[in-house]
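# Observations on chain architecture
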Amino acid sequence: MKILGIESSCDETAAAVVQDGRLVLSNVISTQIPIHTLYGGVVPEIASRKHIERISFVVRKSLSDAGCSLDDIDAVGVTYGPGLVGPLLVGTSFAKALAYGRHLPLIGVHHIEGHISANYIENKDLTPPFLCLVVSGGHTHLVRVRDYGAYDILGRTVDDAAGEAFDKVARAIGLGYPGGPKIEKKAKEGDPFAIDFPQGKVSDHPYDFSFSGLKSAVLNYLNMCEMKGEKVNDADVAASFQHSVVSTLVGHAMMALDEFGGDTFAIAGGVASNGAFRSAMEEACKKRGVRFSCPAPILCTDNGAMIGAAAYYDFKKGNVSGWDLNAIPNLKLGER
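Values in this document were obtained by computation on a predicted structure and should not be read as measured data.

### Looking at the overall build of the protein chain
Of the regular secondary structure elements, the protein chain holds 11 helices and 10 strands. For 336 residues, the compact-globule estimate of 2.2 N^0.38 gives 20 Å, and the C-alpha radius of gyration of the protein chain, at 20 Å, lies within 12% of that figure. With the principal axes as the frame, the protein chain shows a C-alpha extent of 65 × 45 × 35 Å. Out of the 336 residues in the protein chain, the part that is buried amounts to 53%. Pairs at least 24 apart in sequence give 72% of the contacts found in the protein chain among residues at least 6 apart. Total accessible area on the protein chain stands at roughly 14,000 Å², and carbon and sulfur atoms take up 51% of it.

This is the structure:
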């Protein structure tokens, strides 16, 4: 079964053809990073316009790269939330028109479910149940995957997501956008123990995350150095900040493993491409004798392949959307 997956929740226009939920026949991503870098972050209005300009080309190229036509496609999957409402509307509108015109089933996919499903592409033998930590610019979710499409949210961010904190700290120390890759590169030159930044924990909800306080601590440190006339070592700031984020993420993950058990722990989302995070998670899982799963970096960022994979398992469970499918920017995981 071949599914065309379409993703446009933020600033990547992406489409892919996925066979049987695991085999990627094509994966085309058109990024808007160079445009939004000029503004220090994603501008929703600009993102929406660029999606309109590129989505037709991206879908055509995904079909061409897969060596197939629309006649070979069995269903269309599309991200309908959460995300930026304008970009989501572009993707859902295009997918609905395409599916309607070709008499194909339409499958609305939750963006976080897509990130989780990227692990099925990377690890062909991975099956639920397992624990998964989804970490990106807009989301930080600790999830128990009970079955395909069945999730228990153990914890989530109560304010800034981890990726959002990376962007804000990178901007504060003059590294620019996108913050994740720039912080990771700069951190390699610094000492992760040079500055004692707080960890993003929530005292009364042990599995929840809070990175706003950490971000504020970094800003306060920078302001204090400026007031005292002290030179700031950007590499030490980046390394110490990254160490705090990674320690928090890994700590929550291992705490969940200790309580809920399981033989597999997966990570997903844009921050899952961070080398320090991947290495720390892999080492922590190894110590506990637990299998570690992580998609390749290209599958950690927003892409159509993960949407095609998620759509396949939704379709198998009979979760087909109607023509009234609409963009839901604040869609909760597990809702339909």
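Next comes the rest of the account.
### Thoughts on the environment of histidine 51
Turning to its location among the elements, histidine 51 is positioned in helix H2 (residues 44-66). Taking the C-alpha atoms as reference points, histidine 51 and glutamate 282, separated by 231 residues in sequence, lie 36 Å from one another. Not counting residues up to four positions away in its chain, the partners in contact with histidine 51 are Ser8, Cys10, Asp11, Glu12, Thr13, Gln32, Pro87 and Val90.

### Structural notes on the packing of aromatic side chains
For the coordinates displayed, the defined rule picks out 10 aromatic pairs. With a centroid separation of 5.3 Å and 90° between ring planes, the pair formed by tyrosine 100 and tryptophan 323 is classed as edge-to-face. Pair noted here: tyrosine 100 is in helix H3 (residues 85-102) and tryptophan 323 is in the segment after helix H11 (304-316), with a separation of 223 residues, a long-range link. Relative accessible area serves as the criterion here: at 55%, tyrosine 100 is assigned to the exposed category. Pairing phenylalanine 209 with phenylalanine 211 gives two aromatic rings, centres 6.1 Å apart and planes at 15°, and the pair type is stacked. Neither residue differs from the other here; phenylalanine 209 and phenylalanine 211 are each classed as buried. The structure contains a cluster of three or more aromatic residues connected by ring pairs, namely Tyr120, Phe130, Tyr148, Tyr312 and Tyr313.

### A short note on the pairing of strand E7 (residues 140-147)
Alignment of strand E6 (residues 130-135) against E7, held across 6 bridges, turns out to be antiparallel. Bridge pairing in E7 places valine 134 opposite histidine 141. With antiparallel pairing between neighbouring strands as the criterion, E6 and E7 make up a hairpin whose turn holds 4 residues. As defined by bridge partners, E7 adjoins strand E8 (residues 150-156) across 6 bridges and the pair is classed as antiparallel. Looking at the pairing, arginine 144 lines up with aspartate 152 of E8. Following E7, the chain reverses through 2 residues before pairing antiparallel with E8; glycine 149 in that reversal takes a positive phi of roughly 80°.

### Topic: the pattern of salt bridges
Within the structure shown, the criterion is met by 12 salt bridges. With a shortest N-O distance of 3.0 Å, aspartate 65 and lysine 61 are connected by a salt bridge. With aspartate 65 and lysine 61 both in helix H2 and 4 residues apart, the pair spans about one turn of that helix. The exposure class of aspartate 65 is partly exposed, given its relative accessible area of 41%. For aspartate 258, the salt bridge is made with arginine 288, and the minimal N-O distance between the two is 3.2 Å. Residue aspartate 258 is found in helix H8 (residues 234-260), and its partner arginine 288 is found in the loop between helix H9 (275-287) and strand E10 (291-293); the two are separated by 30 residues along the sequence. What makes aspartate 258 exposed here is its relative accessible area of 55%. Connected through shared salt-bridge partners, Asp160, Glu164, Lys168 and Lys215 make up one network.

Parameters and conventions
- Residues numbered from 1 in each chain as written.
- Predicted model: local features only at pLDDT ≥ 70, side-chain atom pairs only at ≥ 80, totals over all residues.
- Heavy atoms only, no water.
- Helix = DSSP H or I, 4+ residues; strand = E, 2+ residues; numbered from the N terminus.
- Rg over C-alpha atoms; globule rule 2.2 N^0.38 Å.
- Buried < 20%, exposed > 50% of the residue type's maximum accessible area, 1.4 Å probe, protein only.
- Contact = heavy atoms within 4.5 Å.
- Areas by Shrake-Rupley, 256 points an atom, 1.4 Å probe, with all protein chains shown as cover.
- Phe/Tyr/Trp six-rings, centres within 6.5 Å; stacked < 30°, edge-to-face > 60°.
- Pairing = 2+ DSSP bridges.
- Salt bridge = Lys/Arg side-chain N within 4 Å of Asp/Glu carboxyl O.

On their own, these measurements won't tell you what the molecule is for.
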